[in-house]
Amino acid sequence: MEAALQKDLAQEAALAKRRHAEICRQKRVFDARNRILGGDTEAWDAQVHDQKIKEATEKARHETFAAEMRHNDKIMCILQDRERRDRKNLCKAINDFQQNFQKPETRREFDLSDPLALKKDLPARVSDNDLRNTVSGLQKFMGEDLNFKERKKFQEEQNREWSLQQKREWEQARADHKLAEDFYTQTRLQFDEAARSLQKLESATRRATCAAVKEFNKKQAVESAERKRQERAQEQEDNLAEISGLLSGDLLTENPLQAVSSFGPHRVVPDRWKGMSREQLAEIRLTQKQQVQEKLRCQEEQRLCNMDWDRRRIQKARASLLCDRQQQRLQRGLRKALDCSNLSLAQEQHSRKKYMNDMNTNQLSEDYFTQFNTRSR
């Protein structure tokens, strides 16, 4: 078993810290919802603004359509109410006409169901114009009617009056129907004109909205181009100033005096230091050689320790293998003894079963012969 060294623990802690930093960096870089690194925020803002304008335009369009639908529904309700009222008035006029001009008393067959027929009954024959004289009554025969011509003329006149009245009523109904159709056509034309005006208003609104959006986008593009031009000019000026400062500074001129620290001659300024001297380099190389030798010695000790552990592990595995083989031999012996015991028990049981079967057979034979002898007697 290897012992954990302080150096290994420190290395493991550094690796864990590096893994955690890498996971945090991946979360920042690969999270598409919250990542803004490398993204064009100005383009995103412009897209969000365009989307808001598009949503507002779509909302105004839907509101216009909704207002038009409400107006059409109101008009349809008015027309349905008017049609229902006209139908009701027509039914009422028909009922009034039937009650006034088509009473039951004016029908030809009313005398068959008149409840006062017996009270109104007259003698068998009053005159030739008596309608009660039927064929079965033998009160009036064909050709004996004195008022035949006047009655027939009166009936023709009555039929003519009825026909003229029905014609006048039919013409009046047709005129009313035509008036209603003309009014409906005029109303539909008005509705179509209103819908056309609404459509023109919507088209004008859409064109105005598109023109406003286009003008706004054009202004935004001009402002963005101007801002980018100013930023490029400022960046170019800053770069020129930085280049001139670097060219005339101590960094590129490599002035060794700039690395001298004000805290003592043995200290230097790190951001201005230009390199070490030969003595410092020789001392560092000597230290590195000592570190290499120390590392080789540690590796040799580690190798010897590993060899010792391998030798112990091989011995332990060999002893375990020998113990397993001894255990298998013991199990095989026990298994063989158990098999022999089971075989002897099986043979003994088989012989006992055979003996019992023979005994049962003999007993059955004796019983059969005994019964046969008894029956024979």
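Parameters at a glance
Residues numbered from 1 in each chain as written. Predicted model: local features only at pLDDT ≥ 70, side-chain atom pairs only at ≥ 80, totals over all residues. Heavy atoms only, no water. Helix = DSSP H or I, 4+ residues; strand = E, 2+ residues; numbered from the N terminus. Buried < 20%, exposed > 50% of the residue type's maximum accessible area, 1.4 Å probe, protein only. Contact = heavy atoms within 4.5 Å. Areas by Shrake-Rupley, 256 points an atom, 1.4 Å probe, with all protein chains shown as cover. Phe/Tyr/Trp six-rings, centres within 6.5 Å; stacked < 30°, edge-to-face > 60°. Lys NZ or Arg CZ within 6 Å of the ring centre and 35° of its normal. Polar contact = N/O pair within 3.5 Å; in protein donor to acceptor, adjacent residues only side chain to side chain.

1. Topic: the overall build of the chain
So, step 1. When helices and strands are counted, the chain shows six helices and zero strands.
So, step 2. Element order for the chain, N to C, with α for helix and β for strand: α-α-α-α-α-α.
So, step 3. Split into buried and exposed, the 377 residues of the chain put 5% on the buried side.
So, step 4. Within the chain, contacts between residues separated by at least 24 positions form 34% of all contacts whose residues are at least 6 apart in sequence.
So, step 5. Accessible surface, the chain: about 34900 Å² in total, of which carbon and sulfur atoms supply 56%.

2. Considering the packing of aromatic side chains
Each aromatic ring pair is specified by the distance between its two centres and by the angle formed by the two planes.
So, step 1. Within the structure shown, the criterion is met by one aromatic pair.
So, step 2. Taking 5.2 Å as the distance between ring centres and 35 degrees as the angle between the ring planes, the aromatic pair formed by Phe 97 and Phe 101 counts as tilted. On the criterion of helical spacing, the pair formed by Phe 97 and Phe 101 is a turn pair, its members being four residues apart in helix H2 (residues 41-101).
So, step 3. Taking relative accessible area as the criterion, Phe 101 reaches 54% and is therefore assigned exposed.
So, step 4. Seen from the ring of Trp 309, Arg 312 lies directly overhead, with NZ or CZ sitting 5.5 Å from the centre.

3. A look at the side chain of Thr 187
So, step 1. Here Thr 187 shows up in helix H4 (residues 148-248).
So, step 2. Classification of Thr 187 as buried rests on a relative accessible area of 8%.
So, step 3. Here Phe 183 takes part through its backbone oxygen, which lies 2.7 Å from a polar atom of the side chain of Thr 187.
So, step 4. With residues near it in sequence (within four places) discarded, Thr 187 still touches Leu 79 and Arg 82.

4. Description of the side chain of Glu 202
So, step 1. In this structure, Glu 202 sits in helix H4.
So, step 2. The exposure class assigned to Glu 202 is buried, which follows from its relative accessible area of 10%.
So, step 3. Beyond its immediate chain neighbours, meaning those up to four positions away, Glu 202 contacts Arg 61, Thr 64 and Phe 65.

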